[in-house]
Every structure is written in C-alpha cells, then in structure tokens.
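Remarks on the overall topology
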Amino acid sequence: MTVAHRDLGIDTRTRTETLDITAQVVDVVGRSEIRSGICVVTIAHTTAGVFVNENADPDVQRDVLATLAKQVPDDGDYRHAEGNSPGHIKSILVGTDVTLAIRDGKLGLGRWQGIYLAEFDGPRRRHVTVTLIGDASG
Amino acid sequence: MTVAHRDLGIDTRTRTETLDITAQVVDVVGRSEIRSGICVVTIAHTTAGVFVNENADPDVQRDVLATLAKQVPDDGDYRHAEGNSPGHIKSILVGTDVTLAIRDGKLGLGRWQGIYLAEFDGPRRRHVTVTLIGDASG
Amino acid sequence: MTVAHRDLGIDTRTRTETLDITAQVVDVVGRSEIRSGICVVTIAHTTAGVFVNENADPDVQRDVLATLAKQVPDDGDYRHAEGNSPGHIKSILVGTDVTLAIRDGKLGLGRWQGIYLAEFDGPRRRHVTVTLIGDASG
C-alpha cells in the first residue's frame, strides 16, 4: 500500500468561475504506480470548492454558477466585512473535497464526469492537493 | 491493508427520487475481510448524487426533494439545451461521493442514518462504486 | 499502512450553530504515528453536518447559518411530523463527511481553514468519528 501527494497550483481568471482540472488529476494518477485505491482531491481555501459534474456542454457550468448566485446573492444581508460571504457559503454548499476510485490504474470517472475547481472570490492562485492511497497491484 | 471495489447497478423508477441503498453497501462491507478502514461510495453520473440521511420516516425524503425543487426550480432560467440543468445543479449540491468508517467489520452509520442514491434526471440505470480500504484485523 | 479511529463527543448548545472542532481533530492527528495519508471526519447524525471553512471572523459562520435559514426556512411546507425537516435538508447540503490530507504528520488545512460541526437541531450530544489511514513514514 502506497500514499502519494501532489500539489496543483491553479490560477483562476475571474471573480466567479469553474475550471476543469480533470486532466491535471488524471495526470497525477497516471504518473503514480497505484493501480487500485482512491484519489482524494482537496482545496485549501474557504471561498472555493471542488466538485464532479458534466464536462461536455459549457452551458451546464454557466447554469450552475447562475443558480448558486440566485441562492446566495451578492447583495444579501451579510455581516462579514470582507464582502465575500457569498463565496464562503458557496464553498460550503459545493464542498472542498472529492473522492474517486482508482481501478486498473485509472480514475473512476463516469463517461460525462469531469473534476472542477469552483472559484467564488477570484481571481487568485488556488492550491489543490491530490492524494492517492492504494496498491501497486490489483 | 486491502483494497476492494464492488459495482452496484441501481434502476431508478421516476424523474426525481431518493433510493435507500444502505442494504447493498452493508452487504459489500459484510462480504469483505476488511475489519477496520473506510468505505467510499461514489456515483458515476452528473445528474444524480449520493448522501447520508434519515432512513426512518419517508416524509423526510419527500421534504428533501421538495425543498431542492424550490431552490433549483425546473422552470428556472437555464441555457443548457438538454433541459436537465436542475439535475446537474442538485447533483453538485448533494455531492457524488460519501465516505464512512468501517470498525469491527461494520459500516459506521449512526442509528438513524441510511445511504441514499439521489436521482435527479431519471428513470435510468445508475452505476455506484463501493470502494473499501483497510485492514483485515483491528 | 495503519488505520486508527477516534471518537469525539461534542455537546452543542443551541438549536442551530457551528462549532469549531479543528483543535480536536488536529490533536487526533498529532497523537497518531501516521505521517502521510488521509484524515476522514464523519458525523453519525441526520440533522447535523461537518464542513471546512473560515475560522478567523465569526461573522462568516453567522452569515452561513443565516443564508441556510433563508434557503431552507423553518416555516416551509414540510410533511415530516417531527418538525426538523430543515435540519435534515441542511445536513444533506452541508454534508456529513470531510476528507483532508495528512502530510509530514500534519493535517492539510489551508491557512484560513477550520473544521466545523454544523448543528441544525440541537442542543444535543453529537458523535464525530475521526479515521486516519496512512503510513508512519513519508
């Protein structure tokens, strides 16, 4: 059984967006000797998140962000003086970690699934950690 | 330390519903030799999710679905042409993976907790993976 | 590779609140021999949750709870007779498990991140499990 960690630095470009980081995570899994186990993706921030969803039609991501903006409006009644409470709340709703299976050396994503970084208070450099735990055989 | 994966195929019956899959996951844990570790349940879809919640009163599940439908209405302002943007968004809010402890060979569910598959764009056959990592002793 | 589980009993004080449990989780990691791996925090309840978010300004937690209360109002149209449907729904939205990396024997939290227990139907004694999987070296 082996553990491996890799850091990804991702530069976001706007205040609120989603960025497809599937290729970077797949690359970490591909470079590892682990054939069977799990892959945990975590983000070390409180106004960003990671999630798994459709990577085919970009309109899906637009609809996700627009709906979150209605649920957690920028002009809501917030006390936190920095003005980024909506980003904190969206981060909690979306979540800051994702876990996937690794089987036969490959990440267990469904056909339409991609891994996304959600930026809710950018643009910034965001730090993502990919942790793999598993067996070199199997 | 051992890793084991099992696939579950779950047929949903309506457009939007929750299905209790606790028995299937408990069965996977029971058939495994792993006595101490974790159990990760992932779903390979972008309009479905998995979550842990009450498995006693079915009204809870009805209230969950009704509240999600208000937060993410079917007639919202969506661009994604397939018409299932609400399903994608609910999937992100609910999440596509759940992790539980395994102790003394048993799944670490609380007294009232069950594991649910959330269908947000059915009916369909859905694919769930149960991954166990842990020790045969302990 | 080693697995360790620790139980935390947390007494909440009001109906709805968030409690910073970072110190307790950091203590579990610090007492363990595991230097590289993951830390999984799960809560065994259906009207509570665990999440990672800002631990600096308490106004953030107030804004989180106020926004969740608007999204899932106490006076909504619920059928569940116990009256705690909002708690169940918030638990699903926030989630009941969090996974973090362990590197060099330390929990992989970002600079502003803390681990929170979310109480949505208190006050009660809540049971949290911290599970560590990893290597004593590395």
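Residues numbered from 1 in each chain as written. Chains lettered and ligands numbered in written order. Predicted model: local features only at pLDDT ≥ 70, side-chain atom pairs only at ≥ 80, totals over all residues. Heavy atoms only, no water.

1. Structural notes on the pattern of salt bridges
As enumerated under the stated definition, the model contains 30 salt bridges over all chains in all. A salt bridge links Arg31(B) to Asp27(B), with the nearest nitrogen and oxygen atoms 2.8 Å apart. Of this pair, Arg31(B) and Asp27(B) both sit in helix H1 (residues 22-31), four residues apart, which is roughly one turn of that helix. Taken together, the shared-partner salt bridges in this structure form one network comprising Arg15(A), Asp74(A), Asp121(A) and Arg124(A). (Salt bridge = Lys/Arg side-chain N within 4 Å of Asp/Glu carboxyl O. Helix = DSSP H or I, 4+ residues; strand = E, 2+ residues; numbered from the N terminus.)

2. Re the relation of the copies chain A and chain C
Overlaying chain A with chain C gives an RMSD of 0.0 Å, the required rotation being 120° about an axis along which the chain moves by 0.0 Å. Such values leave the two copies arranged in the relation of a three-fold axis. Taking C-alpha positions as reference, the residue of chain A nearest the rotation axis is Leu93(A), located at 3.4 Å. A share of only 19% of interface residues in chain A that are also interface residues in chain C marks the association as one of differing surfaces. (Least-squares fit on C-alpha atoms with pLDDT ≥ 70 in both. Contact = heavy atoms within 4.5 Å.)

3. Details of the interface of chain A and chain B
With 32 residues of chain A at the interface, the matching set in chain B holds 31 residues. With both chains or domains summed, chain A and chain B bury close to 2,600 Å², and 56% of this area falls on carbon and sulfur atoms. Taken together, the connections running from chain A to chain B amount to two salt bridges. Mapped onto the side of chain A that touches chain B, the elements with two or more residues apiece are strand S3 (36-43), strand S4 (48-54), helix H2 (58-71), helix H3 (85-94), strand S5 (97-103) and strand S8 (125-135) of chain A. The greatest single-element share of the side of chain A that touches chain B, amounting to nine residues, is contributed by H2(A). In terms of residue class, the side of chain A that touches chain B is made up of 15 nonpolar, nine polar and eight charged. (Buried area = accessible area lost by both parts, 1.4 Å probe. Nonpolar A, V, L, I, M, F, W, Y, C, P; charged D, E, K, R; others polar.)

4. A closer look at the nonpolar core
In this structure, Leu93(A), Val94(A), Leu93(B) and Leu93(C) are the most contacted members of the largest nonpolar core, which totals 41 residues. Once you skip the residues sitting within four places of it in the chain, Leu93(C) turns out to touch Ile92(A), Leu93(A), Leu68(B), Gln71(B), Leu93(B), Gln71(C) and Val72(C). (Core = buried A, V, L, I, M, F, W, Y, C linked by side-chain atoms within 4.5 Å. Buried < 20%, exposed > 50% of the residue type's maximum accessible area, 1.4 Å probe, protein only.)

5. Looking at unusual backbone geometry
All names here are of chain A. Of the consecutive residues Gly122 and Pro123, the connecting peptide bond is found in the cis state with omega at 0°. Turning to its location among the elements, Pro123 is positioned in the loop between strand S7 (113-119) and S8. If you check the backbone angles, Asp104 has positive phi at about 55° while not being a glycine. Tracing the backbone shows Asp104 in the loop between S5 and strand S6 (106-107). On the basis of relative accessible area, Asp104 is assigned to the exposed category, the value being 54%.

6. Observations concerning the interface of chain A and chain C
The partner chain C presents 32 residues to the 31 residues of chain A that form the contact. Taken together, the links from chain A to chain C amount to two salt bridges. Among the ionic pairs, Arg62(C) bridges to Asp77(A), the shortest N-O distance being 3.7 Å. Linking chain A to chain C there are 14 residue pairs in polar contact (both at pLDDT 80 or more). Every element with two or more residues in the side of chain A that touches chain C is listed here: strand S1 (2-11), S3, H3, S5 and S8 of chain A. The element contributing the most residues to the side of chain A that touches chain C is H3(A), with six residues. Taken together, the residues that form the side of chain A that touches chain C break down as 13 nonpolar, 14 polar and four charged. (Polar contact = N/O pair within 3.5 Å; in protein donor to acceptor, adjacent residues only side chain to side chain.)

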